[in-house]
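Below, each chain spelled out in residue letters.
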Amino acid sequence: MKFKINRNQLIQGVQGVMKAISSRTTIPILTGVKMTVDSGGMTLTGSDSDISIERFIPAEENGEINLEVQTPGSIILQARYFSEIVKKLPDETVEIEVGERFETQMRSGASEFSLIGLDPEEYPRLPQVEEQNVFSIQGDLLKMMIRQTVFAVSTSETRPILTGVNWSLEDGQLTCVATDSHRLAQRTVKINSNATELSFRNVVIPGKSLNELSKIVEDSEELVQIVVTNNQILFKTKNTLFFSRLLDGNFPDTSKLLPGDSKTTLVLGTKELLQAIDRASLLAREGRNNVVKLVTLNENELEISSNSPEIGKVFEHVAITSMVGEELKISFNAKYMMEALKAMDCSEIKILFTGAMRPFLIEPQSGDSIKQLILPVRTY
Amino acid sequence: MGEQNQKRRIILHVDMNCFYASVECAFDPSLQGKPLAIAGDVEDRRGIVVTCSYEAREFGIKPPMPLWEAKRLCRHLLVKKPDFQKYKAMSARMFQLLREYTDLVEPVSIDEGYMELTYVKADPLFIAYDIQRRLKDELGLPSSIGVAPNKFLAKMASDMKKPMGITILRKRDIPKILWPLEVGEMHGIGKKTEHKLNEYDIFTIGDLAKEDSYAMKQRFGVNGVKMWERANGIDERKVDPDSANDYQSIGHSTTLKEDTVSQTMLSAVFSRLAESVERRLRQKQVVSSAIQIVIRYANRHTITRSKKLENPIQEKEKIYENAWQLFKKHWNGEPIRLLGVTALDLVERDSAYIQLDLFHYHEEKRREDLTKALDAIRKKYGDKAIQKGNNKKCKE
């Protein structure tokens, strides 16, 4: 194998797949990055067996020559060293040549590296994904959906299924739900797909995969194609394939957990509430569930407070747009509330309470495409 | 530098000599001058000498020695069961006496405490003699007192002359008095740490003092720096009168009647320990957010393991459940000699919260109603008016 490549293109390509490569893996060959070149261009692959990323650099793009291939071929190089070297090479182009026993020469300007390569035949095959269930979403919307749900996944392994976000598609509507059993985040999106008959349930994507995916997808209107199979999900952008394993098991049915009625309904500014809670939580101790208290005062005001016996107290009044229903006193974890409020991308929200010992629901003032559910705390 | 202006600190460490035995002698003068041991269950293997008089020590008896061994060493040894109510009452009188000199009295345990005399005008040595004399005359209790510029040195000093000693330890005395001592003699250094220090060729406190503090940090972490500072007579800790009120942990442990691998027996032991821990959590009105267990194997190898809890607990069932889970995870199947359960991260019950769970909040609600009803009844008719039934019987 022998080829010349634009160094910037190579840097971007390698960094793209590095997100899937972990130095802590049980399969040693996965600490490497796989490169394959042919006349069409170069394919880079990285994987930690949960996530796999494949990135393509076309030989020619928009009239620019990215790489010149002399002899096609394939090689695996230690990802950590290779990516650092590429970043620091002196010239605008890099020449890479692989010998018979996978010894690899990299030349750039006056610099020359010899690296020991590995047999590309040893690399595990990427999941074979049959492209039956395909739909697509705009990149910026996909990123937003991830941001609005993934923070609520569980970090505890006691119920592994809750470490993922549950995706389901029905009647052209995609629903994403995450819960760690203390709060729940749900986002629904209409899918503009010609495949309206497409539907699936219980597709549970590990939170970690979605976080990585979010870094790769560009914040643009460009469409991301999504392919769902039994145990894998594939996200396709222009030059990148992102595969993730799906979690085994049944995600609990959360549709019945969302309260339908409300005893107290508040409408108020998202930012105002977020800032008040943020201040109150300064005195709420992490070790004691980080508790702040919300008390309705009248139709125009509520009070946020927090009290740590050995530190001090804080009280703050927050103006509200409206209040309907019973008076209410409720205590909850400030961190859950702040994360939920940050996920709401609207200036006014509606909070529906059904009692001090029951979950409450946060929705946009109009519409219900985002639902954030939080369970309160009770005194011991 | 500020150091120049700082008032030179004067700390007393008051340590009662063989406290339990001394209290018994004070109540029953016929015991005075006789070998006396305070020990747990007399007929049981668990009968261990908790403390003993100096007369008993002359026979080579020292705590924590099994009672049968102590009796072999001294046939006419007098043995009394511990009476903690009596000791607590006496301890309270002792600290009351110390507080007559300054408010800055920090009880460390039932029979020892620190006093800060930095801001007291009278001569500290005079006060020390006065305290010792009054403890003996008014309460009938012997004590040893250390006088030094910080807590660590005061503690080391009170240990030097027993019984009825008063020792002054100045910074300038450190090389002569402290440094020749074996490093294990240092307060805060246990057998394990001593052994580790020896591996680095540190045998005396002097060896430790002359080590490089950075090297100590590398080897022993923050603790290493502390040890090094202490060896050099540095200890900035304040005398804190409230420190005894922050209960950091509540634990119970028990030596088994015989070494065992029987899960039924071990589980029963954990139940009993959980019960004791619960009782004390209730007494102190605190809840715990972390549980720790101790396992000592027949070969004395000892491990401690702990876990954080999602929500604070107080009930014996939950303490047992978590302790048993930890035990099952970490027990290597070898015979066990001792088990312990400790509740950590204690928070006052009134300021503790429980995070409700999406899948179970309905049950919580019901339990809350029940607890409220029980509390109301107890408030009206007293604590014993109503109790929850035995859980096992109630299980459907």
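About the criteria used
Residues numbered from 1 in each chain as written. Chains lettered and ligands numbered in written order. Predicted model: local features only at pLDDT ≥ 70, side-chain atom pairs only at ≥ 80, totals over all residues. Heavy atoms only, no water. Helix = DSSP H or I, 4+ residues; strand = E, 2+ residues; numbered from the N terminus. Contact = heavy atoms within 4.5 Å. Areas by Shrake-Rupley, 256 points an atom, 1.4 Å probe, with all protein chains shown as cover. Buried < 20%, exposed > 50% of the residue type's maximum accessible area, 1.4 Å probe, protein only. pLDDT = per-residue confidence, 0-100. Pairing = 2+ DSSP bridges. Axes fitted to C-alpha atoms, helices over the stretch in contact; angles between N-to-C directions. Lys, Arg positive; Asp, Glu negative; His and termini not counted. Salt bridge = Lys/Arg side-chain N within 4 Å of Asp/Glu carboxyl O. Buried area = accessible area lost by both parts, 1.4 Å probe. Polar contact = N/O pair within 3.5 Å; in protein donor to acceptor, adjacent residues only side chain to side chain. Core = buried A, V, L, I, M, F, W, Y, C linked by side-chain atoms within 4.5 Å.

### What to know about the overall build of chain B
- Secondary structure summary: chain B contains 15 helices and 13 strands in total.
- Within chain B, counting contacts between residues at least 6 apart in sequence, those at least 24 apart form 62% of the total.
- Surface accessibility of chain B: about 22600 Å² in total, with carbon and sulfur atoms responsible for 49%.

### Points about the overall build of chain A
- In terms of regular secondary structure, chain A is built from six helices and 29 strands.
- Here chain A holds 380 residues, and the buried ones make up 54% of them.
- Sequence separation of at least 24 residues holds for 66% of the intrachain contacts in chain A that already meet a minimum separation of 6.

### What about the confidence of the model for chain B?
Residues and elements named next belong to chain B.
- Of all residues in chain B, 88% attain a pLDDT of 70 or more, and the chain-wide mean is 86.
- Below a pLDDT of 50 lies the segment residues 1–5, which in the model reaches zero contacts outside its immediate sequence neighbourhood of four places, other chains included.
- Predicted confidence for residues 389–396 stays below pLDDT 50, and this span has two contacts to residues more than four positions away or in other chains.
- Prediction confidence for the complex, expressed as pTM and ipTM, is 0.65 and 0.84 respectively.

### Structural notes on the sheet that holds strand E12 (residues 336–348) of chain B
All names here are of chain B.
- With antiparallel pairing, four strands are arranged side by side in an open sheet as E9-E12-E10-E11. Edge positions in the open sheet fall to strand E9 (250–260) and strand E11 (302–313), since each of these has one partner strand only. Across this sheet, the average inter-strand angle for adjacent strands is 15°, counted without regard to direction.
- Of the pairings in the sheet, the one linking strand E10 (residues 286–297) to E11 comprises eight bridges and is antiparallel in character. Residue pairing across strands places Ser288 opposite Ile313, the latter belonging to E11.
- Sheet strands touched by helix H13 (residues 316–330): E10, E11 and E12. Its angle to E11, the strand with the most contacts, is close to 140°.

### Concerning the sheet that holds strand E10 (residues 103–108) of chain A
Residues and elements named next belong to chain A.
- Strands sit in the order E7-E1-E9-E10-E11 across an open sheet of five strands; the sheet is antiparallel. Strands at the two margins of the open sheet, each flanked by one partner only, are strand E7 (67–71) and strand E11 (111–116). Going across the sheet, the axis of each strand differs from the next one's by a mean of 15°, ignoring polarity.
- On the sheet, helix H1 (residues 7–18) packs against strand E1 (2–6) and strand E9 (93–98) and is oriented at approximately 90° with respect to E1.

### Some words on the environment of Leu135(B)
Residues and elements named next belong to chain B.
- If you trace the backbone, Leu135 turns up in helix H5 (residues 124–139).
- Separated by 38 residues in the primary sequence, Leu135 and Leu97 have C-alpha atoms spaced 7.9 Å apart.
- Apart from residues no more than four positions distant in its own chain, Leu135 is found in contact with Val14, Met16, Met94, Leu97, Gly140, Leu141 and Ser143.

### Some remarks on the side chain of Glu303(A)
Residues and elements named next belong to chain A.
- Checked against the element boundaries, Glu303 lands in strand E22 (residues 301–308).
- Buried and unpaired, Glu303 has no salt bridge, with Lys293 as the nearest side chain of opposite charge at 6.9 Å.
- Ignoring anything within four residues of it in the chain, the contact list for Glu303 reads Lys293, Leu294, Val295, Leu297, Phe315, Glu316 and His317.

### Quick notes on the interface of chain B and chain A
- Of the residues lining the interface, 24 residues belong to chain B; the matching set on chain A comes to 24 residues.
- Among the residues chain B hides against chain A, the three largest losses belong to Tyr353(B), Gln355(B) and Leu358(B). Together they make up 31% of the total.
- Between the two partners, chain B and chain A, sit zero salt bridges.
- Our count for the contact surface shared by chain B and chain A stands at five residue pairs in polar contact (both at pLDDT 80 or more).
- Those elements that provide at least two residues to the side of chain B that touches chain A are E11, strand E13 (353–355) and helix H14 (361–381) of chain B.

### Here's the deal with the nonpolar core
- Counting 63 residues, the largest nonpolar core has Met42(A), Phe82(A), Phe135(A), Trp167(A), Leu174(A) and Phe235(A) as its most contacted members.
- Core analysis: the next-biggest nonpolar cluster, separate from the first, contains 34 residues, Ala280(A), Ala340(A), Phe353(A) and Ile374(A) among them.

### Some details on the pattern of salt bridges
All names here are of chain B.
- This model, assessed by the stated rule, comprises 31 salt bridges over all chains.
- The partner of Arg170 in a salt bridge is Asp173, and the shortest N-O contact between them spans 3.9 Å.
- The class of Arg170 is partly exposed, set by a relative accessible area of 36%.
- We note a salt bridge from Asp235 to Arg237, for which the minimum N-O separation is 2.8 Å.
- On the basis of relative accessibility, which here comes to 4%, the residue Asp235 falls in the buried class.

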